[in-house]
Amino acid sequence: MKNEMTAMILAGGQGTRLGKLTRETAKPAVPFGGRYRIIDFVLSNCTNSGISHVGVVTQYQPLELNDHIGNGESWGLNGHSRDVTILQPYTSADGENWFSGTAHAITQNITYIDSHDPEYVLVLSGDHIYKMDYDAMLQYHKQMNADLTVGVIPVTLEEASRFGIMNTDEENRIIEFEEKPEHPKNNLASMGIYIFNWKKLRKYLKEDQETDKKLVDFGHDVIPAYLANEEDIYAYAFTGYWKDVGTIDSLWEANMEFLDPENSLHIHDDEWRIYTKNPISPPQFLSEKSELKHALVADGCFIEGAVRNSLVSQNVQIGEGSLVKDSVIMANAKIGKNVEIDHAIVGEYAVLSDGAKLIGKQGEIKVVGFAEEIGGTDNDKK
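The rules behind these values
Residues numbered from 1 in each chain as written. Predicted model: local features only at pLDDT ≥ 70, side-chain atom pairs only at ≥ 80, totals over all residues. Heavy atoms only, no water. Helix = DSSP H or I, 4+ residues; strand = E, 2+ residues; numbered from the N terminus. Rg over C-alpha atoms; globule rule 2.2 N^0.38 Å. Buried < 20%, exposed > 50% of the residue type's maximum accessible area, 1.4 Å probe, protein only. Contact = heavy atoms within 4.5 Å. Areas by Shrake-Rupley, 256 points an atom, 1.4 Å probe, with all protein chains shown as cover. Lys, Arg positive; Asp, Glu negative; His and termini not counted. Charge placed at Lys NZ, Arg CZ, Asp CG, Glu CD. Pairing = 2+ DSSP bridges. Axes fitted to C-alpha atoms, helices over the stretch in contact; angles between N-to-C directions. Core = buried A, V, L, I, M, F, W, Y, C linked by side-chain atoms within 4.5 Å. Salt bridge = Lys/Arg side-chain N within 4 Å of Asp/Glu carboxyl O. Phe/Tyr/Trp six-rings, centres within 6.5 Å; stacked < 30°, edge-to-face > 60°.

Caption draft 1: The arrangement of the overall build of the protein chain in detail. The number of helices and strands found in the protein chain is 9 helices and 29 strands. Taking 382 residues into account, the globule formula puts the C-alpha radius of gyration at 21 Å, and the protein chain, at 22 Å, falls close to it. Projected onto the principal axes, the alpha-carbon positions of the protein chain cover approximately 65 × 50 × 45 Å. Relative to its full complement of 382 residues, the protein chain shows a buried share of 55%. In the protein chain, the share of contacts with a sequence separation of at least 24, taken over all contacts with a separation of at least 6, comes to 56%. With an accessible surface of roughly 17,000 Å², the protein chain has 47% of that area assigned to carbon and sulfur atoms. For the protein chain, the separation between the mean place of its 35 positive charges and that of its 58 negative charges on side chains is 4 Å.

Caption draft 2: Molecular detail of the sheet that holds strand E28 (residues 366-368). Strands sit in the order E16-E19-E22-E25-E28 across an open sheet of 5 strands; the sheet is parallel. Both outer strands of the open sheet, strand E16 (296-297) and E28, are each paired with one neighbouring strand and no more. Each of E16, strand E19 (311-312), strand E22 (328-329), strand E25 (344-346) and E28 touches helix H9 (residues 248-258); the most contacted strand, E25, lies at about 90 degrees to it.

Caption draft 3: Main features of the nonpolar core. Among the nonpolar cores identified, the biggest contains 40 residues, and Ile 9, Leu 43, Val 54 and Leu 124 are the most heavily contacted of them. The set of elements that each furnish at least two residues to this core consists of strand E1 (3-10), helix H1 (39-48), strand E4 (53-57), helix H2 (63-69), strand E6 (118-125), helix H5 (134-143), strand E11 (188-197) and strand E12 (233-237).

Caption draft 4: Highlighting the pattern of salt bridges. Tallied over the entire structure, the rule returns 20 salt bridges. We note a salt bridge from Lys 200 to Asp 147, for which the minimum N-O separation is 3.3 Å. Of this pair, Lys 200 sits in helix H7 (residues 198-210) while Asp 147 sits in the loop between H5 and strand E8 (148-154), and the two are 53 residues apart along the sequence. Since its relative accessible area comes to 29%, Lys 200 is described here as partly exposed. For Asp 147, a relative accessible area of 10% puts it in the buried group. Put simply, Lys 27, Asp 127 and Asp 244 are held in one network by salt bridges that share partners.

Caption draft 5: Here's a closer look at the packing of aromatic side chains. Using the criterion set out here, one finds 15 aromatic pairs in the structure. Ring geometry for Tyr 36 versus Phe 41: centroids 5.9 Å apart, planes at 55 degrees, classification tilted. Of the two residues, Tyr 36 and Phe 41, both sit in the buried class. Seen from their ring centres, Tyr 194 and Phe 218 are 5.4 Å apart, and the 45 degrees between their planes marks the pair as tilted. Of this pair, Tyr 194 sits in strand E11 while Phe 218 sits in helix H8 (residues 218-228), and the two are 24 residues apart along the sequence. Taken individually, Tyr 194 and Phe 218 each receive the classification buried, so the pair is uniform in this respect.

Caption draft 6: Quick peek at the pairing of E6. Counted residue by residue, E6 has 7 buried out of 8 residues, so it is predominantly covered. Both E1 and E6 contribute to a ladder of 7 bridges, which runs parallel. Bridge pairing in E6 links Thr 6 to Val 121. Of the pairings in the sheet, the one linking E6 to E11 comprises 4 bridges and is antiparallel in character. Paired with Leu 122 across the two strands is Ile 195, which belongs to E11.

Caption draft 7: Local environment of the environment of Thr 111. Take Thr 111: it is sitting in helix H4 (residues 110-116). Sequence-wise, Thr 111 and Asp 83 are 28 residues apart; in three dimensions their C-alpha atoms are separated by 16 Å.

Caption draft 8: A look at the sheet that holds strand E14 (residues 285-286). A sheet is described by the order of its strands in space; here 6 strands give the open sequence E14-E17-E20-E23-E26-E29, paired in parallel fashion. Here the strands that pair on one side only, and so sit at the sheet edges, are E14 and strand E29 (373-374). Summarising the sheet, strand E20 (residues 317-318) and strand E23 (residues 334-335) pair through 2 bridges and their orientation is parallel. Paired with Ile 318 across the strands is Ile 335, a residue of E23.

Caption draft 9: Spotlight on the side chain of Asn 109. Following the sequence through the fold, Asn 109 ends up in the loop between helix H3 (102-107) and H4. Apart from the residues lying within four places of it in its own chain, the contact partners of Asn 109 are Met 8, Val 57, Leu 87 and Phe 99.

Shown next as C-alpha cells:
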C-alpha cells in the first residue's frame, strides 16, 4: 500500500546560540518544560497528525537524542505499520559524509524515503516548540494542487528581518522569497515546515546530485529554484503558538510561557497530547519547610527550599533556605542550602554549592551548563 506522507525531522543542529546547554547534546535534545525535550513537540505533532513513518536526521552530538527517541514507543511510532528511524551521516561513494544543509540532508536520505514510497514528504525542524496539525496542512496542499507548501507564521515587521520572508499574491501563492530582508515587504515568516510532492523534489535533488550540487539548503537554494522554474508554491498560514527556542532568552521565555495554564501550548490538552520518554522516578518529596508558588515540579525531586514561578525537572534536589525564582532547573541538578537562583537556567547534573548565587534578569538570563559546578563564592556566573 502506498504511503501518503513521510515526515523527515531535521535534528542535527548544534544550536551554538544555546551555549553551554548544547556542548554535550544536540539542540533538539535540550530539556524543556520540566519533563520534555524540545524534539518531543514535533514528534508528538507527527503522531497526533496520523503520520506513520518518521525519519529523524541527526548529526551533532546525537547520543542523548538517539537514546531518548529509541524505537519510538513513547510516541506510538513502533510496530508493523508505524516507525521512527534515526538517520545519521554516512560516507557515500563520492566521499560525502556530513550534511552540509537542510536539502543536502534529504538528498543523502533519498533511499530511506523511497523505501516508504510516499506521495508527499513533510520536512520539519526538530527544534521548535508548537502544536500543529500537519494533516490539515496536507489537505490545503492538495486543495491548492501545490508542488510545495511552506508553513508560515505572521510576525511583527520588526521581527521579520530575522526570518525568511515569503511574499505572496492574493491567492497565497508565493511569488518571492527574501532571506532576512532589511526592509521586509510583509510579515509572513517561514516556519521551516515544508510539504513537497516527493516525485518532483526527488527529481530536483537527483539531477542536482549528478551535476553541480548547488541545492544545499531549502530556503537558500530549493525554494529559489522552484520559483525560477515557476513551480506552484503556496503559503500555509499558522496562527497558533510557535516558538523558535534558538537562544537562551527565547528558551527561558518559552519555559515561562509553558507555566501559563491559559497558553495554548499547555500540557493539559487531551485532544493534542505531548508525549515523551519518561524515566521511572519515585514521587517528589516536599519537606515542611518547602514553599511552592506557581511552580511545576517533576517526579523524584527533593525540595526543602522555595520554588516560585519556576520549572523543576526530574530528580532535582533543592536544599533548605534556598530560593528558586523565575528559573528553569533541568534534571538531576543539585542545589545546596541557602542558594539564590533568579532568572536563570540550570543545566542537567549541575551542582550549586551551599550559599551560591545565580542572579540574572530579563534579557540577561544566567546559565549553568551540563554537570557544571558552582561554588558558594561564585556570585557573578555568566
